[in-house]
Amino acid sequence: MITVALIFFPLVAAFVMLFIKRQQAELTAFYLALAELGLFGYAATQLSSNPTALSLDVNWLPFGAHFAVSMDGISFLMVLLTTLLMPLIITASSSGYYSNRFYALVFLMQMALVGVFTAMDGFLFYIFWELALIPIYFICLMWGGEHRGRITFKFFVYTLAGSLVMLAGLLFVYLQTPGDHSFLIKDLYTAGQNMSDEQQGWVFWAIFIAFAIKMPVFPFHTWQPDTYVTAPTAGTMLLSGIMLKMGTYGLLRWLMPLVPMGWKMWGNTAMILAIIGIVYASLIAISQKDYKRLIAYSSIAHVGLIAAGLLTMRTEGITGGLIQMVAHGINVVGLFFVAEILMERTKTHDITAMGGIRGVAPKFALLFLITLLGSVALPLTNGFVGEFLLINGIYQHNFWMAAVAGLTVILGAVYMLRSYQSVMLGETKQLTEGFKDLDTNETTVLLTVSVLVIVLGVFPKPLLDIVAPAVEELLQVFQSGLIK
Amino acid sequence: MKELLTLSLTGIFTMLADMFNLRKLVFPLALLGLAMTISWSVYDWNLSQRIWGMMQMDNFALGFTIALSSIALLWLLMSEEYFSTMKAITDRYSLMFFALTGGLVMVSYTNMVMLFLGIEILSVSLYVLAGSNKTDLSSNESAFKYFLMGSFASGFLLFGIALIYGITGSFNLLEIRASLGKLPDTSLLNVGMIMLIIGMGFKIGAAPFHFWTPDVYQGAPTPITAFMATAVKTAAVAAMCRLFVSYFPLVSGVWLDIFAVLIIMSLLLGNIIAVMQHDAKRLLAFSSISHAGYMMMTIFSVDSESNNSLLFYTVVYAIGSIAAFMVVYLIQKNKGTASISAFNGLAKKSPLLAISMTVALLSMAGIPPLAGFMAKYYVFVNVLQDGYLSMVLFAIAMSLVGVYYYFKIIIAMFLHEDTEGGEVKADALQTLLLIIVSAALLLLGVLPNLVYNLL
C-alpha cells in the first residue's frame, strides 16, 4: 500500500499545484516533493522488516492486467533516486522562470517514474512508461529553447516508436502465457523463458530497442544531444537524471530475465553497441565547445558503460550498474545545474569564451570541482564505486570489451577536466569578470550534490547491501531460464 | 420499439413546436427525448425483443442505441449555441432526431429492407443538415456532393441486396444466414456481397470510397460535421459489423480479403493525406478515414470480441471527436477560419480549450493512459490473436503517423504565439461539456470495462 501512496501522492501534488499562485508555486512544490521524500523514508523503514507492506496486487482489467506494484532492492534504489532528486531539481529551477503548471507537470512525471520503477505487471509498466513521456514533452515544448518544436517532436516520436515496438514484444510474450493470459511479471518470465530461441531473439530486439532509445545507446542516440540542449535545464535534469534510468532499469527487469536465451544470442552484440557508444560519445565530448552539449555526450558515454555492465548479467556488473545509476543521476543533475548557472550569468554555453571564474567565485569553483570529480570517478567519490564494479564485471565477461570500455576512465577525465580548466581557471575574461558567486538556493543544491558525491563515495555499503539480495534473486530467475 | 417511437416522436414534436410558439421548449424536449431513449434501452436490456421480424432489439442494438443517444446528447450540448443563433432551429433538431431514428434502425435490423430504410432515413436527413447553412456556398456544395455520392452508394447497396435476394430468395437475414451453407453456386452471392461492401464502405467513408469525406466535412457547418463524424459514423460501422459479423460469418472467406484491402487503404490514405493538411476540419476528416480503418479491423476479427471492441472504439472516438470539433467550432467562430495556424497560442489564452483539445487528440492518437489507447489495444490484440501479425504491425506504424499530424495542432497551441488577437471563449455549457468529455476520456482509459464488456 505504501508503494501505491508513493505513486499517487505526486498525482495529488500535481493537482494541488494547478491551484497554487505563481508566487508560491516554487515553495509549495518543494514542500510537496519533500513530503514525498518523507513518505519514501517511511517506506524505507518497511523494506527489510515488512516487505509485504510495500506490495499490492489487484485485478485491474479482465484480460489479465493487474495493478501489481512492489519494491525490491532494485526498485527501491530507483525510487530513492527519483524522490531524492525531485526536491533538488525543484530547488534548482526556482529562478521564477517557471509557473505552477510546470511543477504540476514535474509531479505528473514523478508519478509515472515511480510507477515504472515499481510496476510488476507488463501492462501497467507500459502505461507508466508512456505516461512519463507526456509531461516531459510538454515541459520541453513550453519552456525549452530554440527550435524546440522540431527537436522535442523528434524526441517524442523517436521514443514513442521504440515503446510501440516494445509493446509488440510484450504482447507477443503475453499471448504465450497459458489460459486466459496474464501480464504479471512472473507469468511473463515463465512464458518468455519457455519460448524457442529464435522467438526469444526477436523479443529481445523488440524490447531492447525501446530501452536503447530511452538511455540512449549508440546508434539510437541521435535525438538526445539536441533534446538535452534545447530542453529547459529542469527538463534536462529530469531526462538525464531520472528518465534515462527507465531504460537501464528496464534492461534489468523487463528484458534479460524475460528472454535469457535471447540475451545469450544477442547480449554481446548489444554490449558492443553500448561500448562503441562509450568511445564515440567520449570523443565527441572532447571536441565540444558547448558545455551543455558536452555533458549530454558525457551522459551517453556513462550510460553506455552502465548498459554494458548490466548486459554482462554478473553480480558485479549489475551491482555496479545500479550504484552508477544513482551516482550518475546525482552528478549529472549537479553538472547541468552548473550549466544553468553559467548560462544565466554569461549568457553563453561556449566554454572557450569563459575562464578565470575560480578567482571571482571560489565557492562555486569548489562545489563544481567536487561534482565534476564525482563524474570523473575519482576514488572516494560516488562515481568510483560504480565504475570500478562495472569495469570489473565487464572484465570477467570479456577482456577486450573491458579494455575498450575502460577508456572511459581516461577519456572522461580528459573532457571533464578540460572543461573545468577552460571555464574556471586561467585569466579572467571580460565576460566572467562580474561573475557573482552562488546565492543561497544555488549553494543548497550544489552543496547537497557535493555531500552526496562524497558520502556515497566513502560509504557505499548501505546501497550495496540493499541491492544485493534483489540482484541475487534476479540472477536466479535468469539462470533458471538459461538452463532450460 | 419504445426506443424507436420515442426518437421519432421527439422528432415530430420538435418540428411541431415552432408552429405552436414553443421554441423555448425544443432544447429541453430534445434532451428529454434522448434521456428517455437511453432509459428504455436500459430497461429492455437482455429482453431481446423482436419487432415483426424486421428488427430485433438485442443487446447489440440496445448497446449501440445507448451509445448513439449519449453521443447525440453530448452533441446537443455542444451545438446548442449554434442552433440558438439560427432563425429556424426546429427543423434542424427534428432532422437530427430523424437521423438518429435511422441510426437506430441501422443497428437493430434483421431484414435487409430495414437496413436500406435505416440508411436512407439517416442519409436523407443528413443531406439536408449538411446544407443547412443556406447562405454559405461551401455548405451548399457540401450538401450537393454528399447527396450525389450518397445516392450513388445507395444504388450499390440496393443492387447488392437485390442480388442476395435473388440467390437466397429472402430479405430476412436470419433465413439468409441459415441458407448460406446450402447454396449450390455462390458466385452471385459473392458479387452481391461486394456490392454491399462498396455501398457500406461509402457510408462509413473507408478508402477507396472516401473522396466525399474531406469536402463534405470541411464544407458542412462544424456542428453538423461533428454529428457526421460521431453519431453517423457509429451507426454506419455498427450496421456494417452487424451485417458481416452476425449474419455473414459463415462466408467470411469471401469478404475478409476485401476487408483487408479496405482496411490497409483506409489506414494508408487517411493517415498519409492527413499529414499534408493545413485545415483542422480537413485534417479531422482524413483522420476519420483512418479511424474507419481501425473500426473495420474490429469487424475483421469476426468473433464475439468484435462487437465489444467496436462499441468501445466508436464511443471513444466519438467522445474525442466531440471535444475536438467543439474547439474547432469555437476557433472558427472567433477567427473565421479553422486552419491549423488559427490554433496558435491557444494554450496561453484559453488553457481549458487547449487542454481538452490536447486530451482529445492524444486519445485519438492512441497515447496511454487515455481511452484511445485502450480502444486501439483491444482492436490490435483481437486481430493479433487471429494471427494477422503483419496487419497489426502496419496499423501500429500508421498510428505513429497519426501522432505526427495530431501533434501539428498540439504544437501550434502550445508553442506558437498568436499573431492576431481575439479571445476564444467557451460559455458555461460548453465548458461543462469539455470537462465532462476530457474526464470521460481519462476514466475510460483507466477503467475501459465501464463500456467494454457490455455486449
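Residues numbered from 1 in each chain as written. Chains lettered and ligands numbered in written order. Predicted model: local features only at pLDDT ≥ 70, side-chain atom pairs only at ≥ 80, totals over all residues. Heavy atoms only, no water.

Section: the overall build of chain B
1) Next: A count of helices and strands for chain B gives 19 helices and 2 strands.
2) Next: Its C-alpha atoms give chain B principal-axis dimensions of roughly 70 × 55 × 40 Å.
3) Next: Within chain B, the proportion of its 455 residues that are buried is 64%.
4) Next: Counting contacts in chain B only where the partners sit at least 6 residues apart, residues at least 24 apart contribute 80% of the total.
5) Next: As displayed, chain B has an accessible area near 15,500 Å², and 69% of this comes from carbon and sulfur atoms.
6) Next: For chain B, the separation between the mean place of its 22 positive charges and that of its 23 negative charges on side chains is 4 Å. (Helix = DSSP H or I, 4+ residues; strand = E, 2+ residues; numbered from the N terminus. Buried < 20%, exposed > 50% of the residue type's maximum accessible area, 1.4 Å probe, protein only. Contact = heavy atoms within 4.5 Å. Areas by Shrake-Rupley, 256 points an atom, 1.4 Å probe, with all protein chains shown as cover. Lys, Arg positive; Asp, Glu negative; His and termini not counted. Charge placed at Lys NZ, Arg CZ, Asp CG, Glu CD.)

Looking at the interface of chain A and chain B
1) Next: The partner chain B presents 28 residues to the 28 residues of chain A that form the contact.
2) Next: Of the roughly 2,500 Å² buried where chain A meets chain B, counting both sides, 85% is carbon and sulfur surface.
3) Next: Summed over the shared surface of chain A and chain B, the number is 1 residue pair in polar contact (both at pLDDT 80 or more).
4) Next: Those elements that provide at least two residues to the side of chain A that touches chain B are strand E1 (56–61), helix H5 (122–131), helix H6 (133–143) and helix H7 (148–174) of chain A.
5) Next: The leading source of residues in the side of chain A that touches chain B is H7 of chain A, at 10 residues. (Buried area = accessible area lost by both parts, 1.4 Å probe. Polar contact = N/O pair within 3.5 Å; in protein donor to acceptor, adjacent residues only side chain to side chain.)

As for the pattern of salt bridges
1) Next: Overall, the coordinates contain 12 salt bridges over all chains when judged by the stated rule.
2) Next: A salt bridge links arginine 253 of chain A to aspartate 72 of chain A; the nearest nitrogen and oxygen atoms lie 2.8 Å apart. One end of the pair, arginine 253 of chain A, is in helix H11 (residues 233–255); the other, aspartate 72 of chain A, is in the loop between strand E2 (65–69) and helix H3 (73–92), with 181 residues separating them in the sequence. A single burial state applies to arginine 253 of chain A and to aspartate 72 of chain A, both of which are buried.
3) Next: For lysine 333 of chain B, the salt bridge is made with glutamate 81 of chain B, and the minimal N-O distance between the two is 3.0 Å. (Salt bridge = Lys/Arg side-chain N within 4 Å of Asp/Glu carboxyl O.)

Focus on the packing of aromatic side chains
Residue and element names in this part refer to chain B.
1) Next: Counted by the stated rule, this structure contains 70 aromatic pairs over all chains.
2) Next: Seen from the ring of tyrosine 109, arginine 242 lies directly overhead, with NZ or CZ sitting 5.8 Å from the centre.
3) Next: Geometry around tyrosine 294 places lysine 376 over its ring, the cationic atom sitting 4.7 Å from the centre. (Phe/Tyr/Trp six-rings, centres within 6.5 Å; stacked < 30°, edge-to-face > 60°. Lys NZ or Arg CZ within 6 Å of the ring centre and 35° of its normal.)

A closer look at the layout of surface pockets
1) Next: Estimates place the volume of the largest pocket at around 1,500 Å³.
2) Next: Every residue lining the largest pocket is counted, 39 residues in all, and those nearest its centre are Leu11, Phe15 and Leu108 of chain A together with Val359 and Leu442 of chain B.
3) Next: Mapped onto the lining of the largest pocket, the elements with two or more residues apiece are helix H1 (2–18), helix H4 (100–118), H5 and H6 of chain A together with helix H15 (351–365) and helix H18 (428–446) of chain B.
4) Next: Of all the elements, H15 of chain B adds the most residues to the lining of the largest pocket, at 8 residues. (1 Å grid on protein atoms, 1.4 Å probe; cavity = no way out; pocket = protein on both sides within 12 Å on 5 of 7 lines; lining within 4 Å. Points joined across faces, edges and corners; volume = space filled by probe spheres on them.)

Points about helix H16 (residues 362–376) of chain A
Structurally, the α-helix is built with 3.6 residues per turn, so residues lying three or four positions apart point the same way.
Residue and element names in this part refer to chain A.
1) Next: Given a rise of 1.5 Å per residue, 15 residues ought to cover 21 Å, and the 21 Å separating the end C-alpha atoms of H16 matches this to within 8%.
2) Next: When H16 is considered as a whole, its buried residues turn out to be Phe364, Ala365, Leu367, Phe368, Ile370, Thr371, Leu372, Gly374, Ser375 and Val376.
3) Next: Those residues of H16 hidden inside the fold are in contact with helix H13 (291–311), helix H14 (315–346), helix H15 (357–360), helix H17 (382–397), helix H19 (407–424) and helix H21 (440–458).
4) Next: The positive-phi residue at the C-terminal boundary of H16 is alanine 377, with phi of around 70°. (Expected span 1.5 Å × (residues − 1).)

Some words on the side chain of lysine 233 of chain B
Residues and elements named next belong to chain B.
1) Next: Checked against the element boundaries, lysine 233 lands in helix H10 (residues 222–247).
2) Next: No salt bridge is formed by the buried lysine 233. Its closest oppositely charged neighbour is aspartate 215, at 15 Å.
3) Next: Residue contacts for lysine 233: discarding those within four places in its chain leaves Ile204, Tyr217, Met228, Ser288, Ala292, Met295 and Tyr317.

Focus: empty space enclosed by the protein
1) Next: In total, this model carries 10 cavities of 30 Å³ or more according to the counting rule given.
2) Next: Estimated volume of the largest cavity: approximately 160 Å³.
3) Next: Elements with a minimum of two residues in the lining of the largest cavity: H5 and H7 of chain A together with helix H16 (371–385) and helix H17 (389–414) of chain B.
4) Next: Lining the second largest cavity are His291, Tyr313, Val316, Tyr317, Ser363, Met364, Gly372, Ala375 and Lys376 of chain B.
5) Next: The set of elements that each furnish at least two residues to the lining of the second largest cavity consists of helix H13 (304–335), H15 and H16 of chain B.
6) Next: Of the residues in the lining of the second largest cavity, the class split is 5 nonpolar, 3 polar and 1 charged. (Nonpolar A, V, L, I, M, F, W, Y, C, P; charged D, E, K, R; others polar.)

A word on the nonpolar core
1) Next: Phe123 and Phe364 of chain A together with Phe248, Phe343 and Tyr377 of chain B are the most contacted members of the largest nonpolar core, which totals 383 residues.
2) Next: Setting aside residues no more than four positions away along its own chain, phenylalanine 248 of chain B makes contact with Ile164, Leu173, Ile176, Leu180, Met193, Leu196, Leu243 and Trp255 of chain B. (Core = buried A, V, L, I, M, F, W, Y, C linked by side-chain atoms within 4.5 Å.)

Overview of the pairing of E1 of chain A
1) Next: Of the pairings in the sheet, the one linking E1 of chain A to E2 of chain A comprises 5 bridges and is antiparallel in character. Pairing of asparagine 59 of chain A across the sheet is with histidine 66 of chain A, part of E2 of chain A. (Pairing = 2+ DSSP bridges.)

As for the packing of helix H12 (residues 280–300) of chain B against H16 of chain B
All names here are of chain B.
1) Next: The interhelical angle for the contact between H12 and H16, taken along N-to-C directions, is 45°, at an axis separation of 9 Å. Here H16 runs oblique to H12, going by the angle between their axes. Two packed elements cross with a definite hand, and for H12 against H16 that hand is left-handed. Taking contact as the criterion, the partners of His291, Tyr294, Met297, Thr298 and Phe300 in H12 are, on H16, Lys376, Val379, Phe380 and Val383. (Axes fitted to C-alpha atoms, helices over the stretch in contact; angles between N-to-C directions. Parallel < 35°, antiparallel > 145°, perpendicular 65-115°, else oblique. Left-handed = near helix turned anticlockwise from the far one by under 90°.)

Remarks on the confidence of the model for chain A
1) Next: Averaged over all residues, the pLDDT of chain A is 89; the fraction at 70 or higher stands at 100%.
2) Next: Confidence scores differ between elements of chain A, with helix H20 (residues 430–433) of chain A showing the lowest mean pLDDT of 76 and H5 of chain A the highest of 93. (pLDDT = per-residue confidence, 0-100.)

A short note on the packing of H14 of chain A against helix H22 (residues 461–483) of chain A
All names here are of chain A.
1) Next: H22 packs onto H14 with a crossing angle of 135° between their chain directions and a minimal axis gap of 10 Å. Judged on the interaxial angle alone, H22 and H14 are oblique. The handedness of the crossing between H14 and H22 comes out as right-handed. Between H14 and H22, the contacting residues are Thr315, Ile318, Thr319, Leu322 and Ile323 on the first element and Leu463, Leu464, Val467, Val471, Glu472 and Leu475 on the second.
2) Next: Classifying every residue of the contact of H14 with H22 by side-chain character gives 8 nonpolar, 2 polar and 1 charged.

A few points about the environment of alanine 92 of chain A
1) Next: Checked against the element boundaries, alanine 92 of chain A lands in helix H3.
2) Next: In this view, alanine 92 of chain A contacts Met237, Phe337 and Val445 of chain A; residues no more than four positions away in its chain are not counted.

Observations regarding the side chain of glutamine 46 of chain A
1) Next: Within the secondary structure, glutamine 46 of chain A sits in helix H2 (residues 22–49).
2) Next: Filtering out sequence-adjacent residues up to four positions away, glutamine 46 of chain A remains in contact with Ile2, Pro51, Ala53 and Leu54 of chain A.

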